[in-house]
Amino acid sequence: NAFCNVKSIKSFSVSESNQYFSSIDGILYSKDMTTLKRVPEAKTLHSYKIPERVTKIGAYAFCGCTVECVEIPSGVIEIGSRAFDFNQINELHINIKDIMKCTIADDAFGDEKIFNTCVLYVPSGAYYIYIRHPIFSKFRNYLAEDPPF
């Protein structure tokens, strides 16, 4: 990814006439807003709710970012390589009920530190699906709207 480890970019600005990319609030998306391409490393966000139109989180999308809390919408069907690598995310809210239908790169969470430090919030009724998922089962801290006990 051309923007990985570029810690001086605070915002992406894309011309409306650009055929391939768009930006909202300094965050880079595909033109049709279905793929989140990149959150700038120097952009400081406490929390970020990914727009509902997004169906793909691109490779390195949050790599190196300082955002603390991310909410992933229910329509996401793909999470790319190292999408959440080397970041400071403490909370990850995932609204995807059937996570088994989502294509997730084996290294989507990169350095794996996130598995021990991040609290994973899962949809009501989906706790057992997540703890059996080959990637999400690595998270140590889960919270569900309806606790399993």
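Notes on the structure in this doc start here. (Residues numbered from 1 in each chain as written. Predicted model: local features only at pLDDT ≥ 70, side-chain atom pairs only at ≥ 80, totals over all residues. Heavy atoms only, no water.)

The next thing to look at is the sheet that holds strand β5 (residues 56-57). Spatially, 6 strands are ordered β1-β2-β3-β5-β7-β9 in an open sheet, and the strand pairing comes out mixed. Edge strands, defined here as strands with exactly one partner in the open sheet, are β1 (21-24) and β9 (103-104). Bridging between strand β3 (residues 35-38) and β5 involves 2 bridges; their strand directions are parallel. Counted as the bridge partner of Leu36 is Ile57 from β5. (Pairing = 2+ DSSP bridges. Helix = DSSP H or I, 4+ residues; strand = E, 2+ residues; numbered from the N terminus.)

Now for the nonpolar core. Of all hydrophobic cores here, the largest spans 42 residues; its most connected members are Phe62, Ile72 and Phe84. At the level of elements, β2 (27-30), β6 (69-72), β8 (91-94), α1 (114-117), β10 (119-122), α2 (127-131) and β11 (141-144) are the ones that each hand at least two residues to this core. Discounting residues that sit within four places of it in the chain, Phe62 has contacts with Leu36, Arg38, Val39, Tyr48, Ile50, Ile57, Val67, Val70, Ala83, Phe84, Asp85 and Asn87. (Core = buried A, V, L, I, M, F, W, Y, C linked by side-chain atoms within 4.5 Å. Buried < 20%, exposed > 50% of the residue type's maximum accessible area, 1.4 Å probe, protein only. Contact = heavy atoms within 4.5 Å.)

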